[in-house]
Amino acid sequence: MPDLISHTVFSHITARLYDRGRTKNFLSGVRLFFYLGVFLPDITTRPVYIIFPATHNWIIFLHTPLATLFLCLLLAQAVHPGMRRRAFVNMIAGAGTHYLLDAFQKQITGNNFWLFPFSWHNFGFDIMWAGTFVRLIPVSLLLLAGTETVIYLASKRK
Amino acid sequence: MKRLVYSIISTVVLLFLGLYNYYSHPWIDVAACMEHPDLYDGSIVQQFHEPRIGELFEDGFMLQQKHGPSIRLYTDTTGLVRGKSVGIKARFHKQGYLEGIDVKMAGTRQYKIWLSVIPVIVLAVLFIRNFRFNFKHFYIEKKPHA
């Protein structure tokens, strides 16, 4: 998996481009569930099996799209009914961008079991090692700043 | 009612997926190989528990795991550094060693882990600033000013 800074930047830019600058304050309200969705596949698995390696085979399924879907559905039930549906959609969208970026990572052992529980086949494009994502963090942050600047200038022009 | 149904369905599905995950996963680890060396002779081992490079030799290194036994791994050691995390695909031999097929040192893994904590903390702060937990109805709701 790439680091969560790269995930955040990639997902944020994707969401901003999709949103086309319509939302002014992107880091508040129900939008925050989008970022929770971005982190969800990793924060429910990595810290657990890094600290307790023996749990790997019990919890790695949480890093699969189907499990994420049901986890988001479960989490959405703990949200106010007035924003439950939007929170759910935001979490799913965030998780979607997470899996998309994961697909670009080169790996030796599998990580992208998109068809679980029907198959353990590992999908992906094998383009960059996780370490490359870490080294590219300054570039990602520059891209983020550039995107935000363009959106800000475009909104001022309107 | 709908809320309860969705909660029960998702919990049950997640439990079943977890059980299916545990009993159907295709990975063999070093501990299983060491326990049944004849059975797993020639098998590909892809699952290691937080593997690190131990003592380095000319023709390989001692593979250490956070959980599970250490084992001798034969591979090209060019560029490898003791103590670093490593990604491995290897063939097990019943004599009690691994033959590296694909070995890649993950030199930035520690940085990756610690850098990943930053956005999680930021999101947690934003959540606390924007939402509060309503214990009466047991759900997260927006704070009045958010």
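Residues numbered from 1 in each chain as written. Chains lettered and ligands numbered in written order. Predicted model: local features only at pLDDT ≥ 70, side-chain atom pairs only at ≥ 80, totals over all residues.

## Some remarks on the overall build of chain A
Summing up its helical and strand segments, chain A has 8 helices and 0 strands in all. What you see in chain A, going N to C, is helices and strands ordered as α-α-α-α-α-α-α-α. Seen through its principal axes, chain A has C-alpha atoms that stretch 55 × 40 × 30 Å. Taken across its 158 residues, chain A has 37% of its residues classed as buried. If you take every contact in chain A between residues at least 6 apart in sequence, the share linking residues at least 24 apart comes to 62%. (Helix = DSSP H or I, 4+ residues; strand = E, 2+ residues; numbered from the N terminus. Buried ≥ 20, exposed ≤ 12 C-beta atoms within 10 Å, placed from the backbone. Contact = placed C-beta atoms within 7 Å.)

## Concerning the overall build of chain B
Broken down by element type, chain B carries 3 helices and 8 strands. Starting at the N terminus and walking to the C terminus, you meet the elements of chain B as α-α-β-β-β-β-β-β-α-β-β. Against the compact-globule benchmark of 15 Å for 146 residues, chain B has a radius of gyration of 23 Å, which places it well outside the compact range. Expressed along its principal axes, the backbone C-alpha trace of chain B runs to roughly 65 × 35 × 20 Å. The buried share of chain B, reckoned over its 146 residues, is 21%. Contacts spanning at least 24 positions in sequence make up 40% of the contacts within chain B whose residues lie at least 6 apart. (Rg over C-alpha atoms; globule rule 2.2 N^0.38 Å.)

## As for the environment of Lys84(B)
Residue and element names in this part refer to chain B. If you trace the backbone, Lys84 turns up in the loop between β4 (71-74) and β5 (85-93). Note: C-alpha distance between Lys84 and Trp27 (57 residues apart in sequence) is 23 Å. When residues no more than four places from it in sequence are discounted, the contact partners of Lys84 are Arg52, Ile53, Met105, Ala106 and Gly107.

## Points about the environment of Ser119(A)
Mapped onto the fold, Ser119(A) is located in the loop between α6 (81-102) and α7 (130-135). Residues Ser119(A) and Arg157(A), 38 residues apart in the sequence, show an inter-C-alpha distance of 50 Å.

## With respect to helix α8 (residues 137-157) of chain A
Every α-helix carries 3.6 residues per turn, so stepping three or four residues along brings you back to the same face. In a regular helix each residue adds 1.5 Å, so 21 residues correspond to 30 Å; α8(A) covers 30 Å between its end C-alpha atoms and thus fits that length. In terms of burial, α8(A) is a largely surface element, 1 of the 21 residues being buried. (Expected span 1.5 Å × (residues − 1).)

## Here's the deal with the nonpolar core
By size, the foremost hydrophobic cluster in this structure holds 30 residues, and its most contacted members are Phe33(A), Leu36(A), Cys72(A), Ala76(A), Ala87(A) and Met91(A). Within the residue set of this core, elements represented by two or more residues are α1 (4-19), α2 (32-43), α5 (65-76) and α6 of chain A. Ranked by residue count, the leading element in this core is α2(A), at 8 residues. Excluding anything up to four places from it in sequence, Cys72(A) contacts Gly37(A), Phe88(A), Met91(A), Ile92(A) and Ala95(A). In this structure, Tyr40(B), Val45(B), Ile53(B) and Ile88(B) belong to the second largest nonpolar core, which totals 16 residues. (Core = buried A, V, L, I, M, F, W, Y, C linked by C-beta atoms within 7 Å.)

## Side note on the domain arrangement of chain B
Along its sequence, chain B is organised into domain 1 (30-107) and domain 2 (108-146). Using only C-alpha atoms to locate each centre, domain 1 of chain B and domain 2 of chain B end up separated by 38 Å. (Domains from an automatic or database assignment.)

## As for the interface of chain A and chain B
Counting residues at the interface gives 38 residues for chain A and 46 residues for chain B. Of all elements in the fold, only α1, α2, α4 (56-59), α5 and α7 of chain A reach the threshold of two or more residues within the side of chain A that touches chain B. Among the elements that take part in the side of chain A that touches chain B, α5(A) stands out by supplying 6 residues, more than any other. Per-class residue counts for the side of chain A that touches chain B are 28 nonpolar, 9 polar and 1 charged. (Nonpolar A, V, L, I, M, F, W, Y, C, P; charged D, E, K, R; others polar.)

## Some words on the pairing of strand β3 (residues 60-65) of chain B
Residue and element names in this part refer to chain B. Note that strand β2 (residues 51-57) and β3 share 5 bridges and pair antiparallel. When the sheet's bridge partners are listed, Pro51 is paired in β3 with Gln65. Two strands pair when backbone bridges link them, and β3 and β4 are joined in this way by 4 bridges, in the antiparallel orientation. Counterpart to Met62 in the pairing with β4 is Arg72. (Pairing = 2+ DSSP bridges.)

## Looking at α1(A)
With 16 residues, α1(A) extends 22 Å between its outermost C-alpha atoms, agreeing within 8% with the 22 Å of an ideal straight helix rising 1.5 Å per residue. By the burial criterion, the buried members of α1(A) are Leu4(A), Ile5(A), Ser6(A), His7(A), Thr8(A), Val9(A), Phe10(A), Ser11(A) and His12(A). Packed against the buried residues of α1(A) are α2, α6, α7 and α8 of chain A together with α3 (109-130) of chain B. Following α1(A) by one or two positions, Arg20(A) adopts a phi angle in the positive range, close to 50°.

## Section: unusual backbone geometry
Cis geometry marks the peptide bond from Phe116(A) to Pro117(A), where omega comes out at 10°. Tracing the backbone shows Pro117(A) in the loop between α6 and α7. Positive phi outside glycine occurs at Asp126(A), with the angle close to 50°. With respect to the helices and strands, Asp126(A) occurs in the loop between α6 and α7. By C-beta crowding, Asp126(A) is classed as exposed, having 11 other C-beta atoms within 10 Å. We note that Glu50(B) has phi near 50°; this positive angle belongs to a residue other than glycine. In this fold, Glu50(B) is placed in the loop between β1 (44-45) and β2.

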